Amino acid sequence: MSTTAPQPTPPADETSTGASTEAPAPDRTRFWSGLCAGLFAPAALVAGLLTLTGERAGRCMTYGQQCGDSLPGWLFGWSLALAVVACAVALAATTVRVRQVAFATQLLAEFVALTVVLSHT
């Protein structure tokens, strides 16, 4: 006597019920955080060179005039420190939402630091 095992029924088509069959998109926050951290130094260098080409910076370097009307230096230091901490959190956090918030904080802090550099023009 030959008996065969019952065949499993195929799963119902999920598209007919409205559910999506696509896998969730991979979280690229760590990649972008590392990339933005790596590109910060060249961006600061370019911003510094751009600052040195300005009339105010030339007058300050040549004659010592108009040297003090810019954003304070402590703002650069604090925003750079915040960017480093936020980058570390974005790279090390296990929760996607925490990484996304840390990455947004990192971008904002890097923007503020570059703005401080550009304010010397």
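Up top is the structure.
This write-up is about the structure you can find in this document. The structure displayed is predicted, hence computed values, not measured ones. Per chain, residue numbering runs from 1 following the sequence as it is written. The model is predicted, so local features are restricted to residues of pLDDT at least 70 and side-chain atom pairs to those at 80 or more, both for listing and for counting; the totals for chains, interfaces and linings are taken over all residues. Hydrogens and water molecules were not included; the side-chain quantities draw on all heavy atoms of the structure.

Turning our attention to the packing of aromatic side chains. A pair of Phe, Tyr and Trp rings is counted when the ring centres sit within 6.5 Å of each other, with Trp represented by its six-membered ring. The angle between the planes then sorts it: under 30 degrees is stacked, over 60 is edge-to-face, the rest tilted. In total, this model carries one aromatic pair according to the counting rule given. On the numbers, 5.1 Å between centres and 75° between planes, the contact of Phe31 with Trp32 is edge-to-face. Burial classes follow relative accessibility: with a 1.4 Å probe on protein chains only, a residue under 20% of its type's maximum area counts as buried, one over 50% as exposed, and anything between as partly exposed. Its relative accessible area of 42% is what places Phe31 among the partly exposed residues. Here Trp32 falls in the partly exposed class, since its relative accessible area comes to 42%. Look at NZ for Lys and CZ for Arg. If either is within 6 Å of the ring centre and within 35 degrees of the ring normal, a charge sits over the ring. Between Arg28 and the ring centre of Phe31, over which it is positioned, the NZ or CZ distance is 4.8 Å.

Basic side-chain nitrogens of Lys or Arg form a salt bridge, by our definition, when they fall within 4 Å of a carboxyl oxygen of Asp or Glu. According to the stated counting rule, one finds one salt bridge in the structure shown. Measuring nitrogen to oxygen at the nearest pair gives 2.6 Å for the salt bridge that ties Asp27 to Arg99. Placement of Asp27 in the loop between helix 1 (14-17) and helix 2 (29-52) and of Arg99 in helix 5 (residues 96-118) is noted, with a sequence separation of 72 residues between them. On the accessibility criterion, Asp27 (30% relative accessible area) is partly exposed. Taking relative accessible area as the criterion, Arg99 reaches 7% and is therefore assigned buried. Strands here mean DSSP runs of E at least two residues long; helices mean DSSP runs of H or I at least four residues long; both are numbered from the N terminus.

Right, let's get into the environment of Ala92. Relative to the assigned elements, Ala92 resides in helix 4 (residues 73-92). Overall, Ala92 belongs to the exposed group, its relative accessible area being 58%. Spatially, the C-alpha atoms of Ala92 and Arg30 are 8.4 Å apart, while their sequence positions differ by 62 residues.

Moving on to the environment of Thr29. One can find Thr29 in helix 2. Apart from residues no more than four positions distant in its own chain, Thr29 is found in contact with Arg99, Gln100 and Phe103. Pairing of N or O atoms within 3.5 Å defines a polar contact, subject to two protein rules: one partner must be a possible hydrogen donor and the other a possible acceptor, and residues neighboring in sequence count only if both atoms are side-chain atoms. In terms of polar contacts, Thr29 uses its side chain to reach the side chain of Asp27, at 2.5 Å. Two residues qualify as a contact provided that any one of their heavy atoms is within 4.5 Å of a heavy atom in the partner residue.

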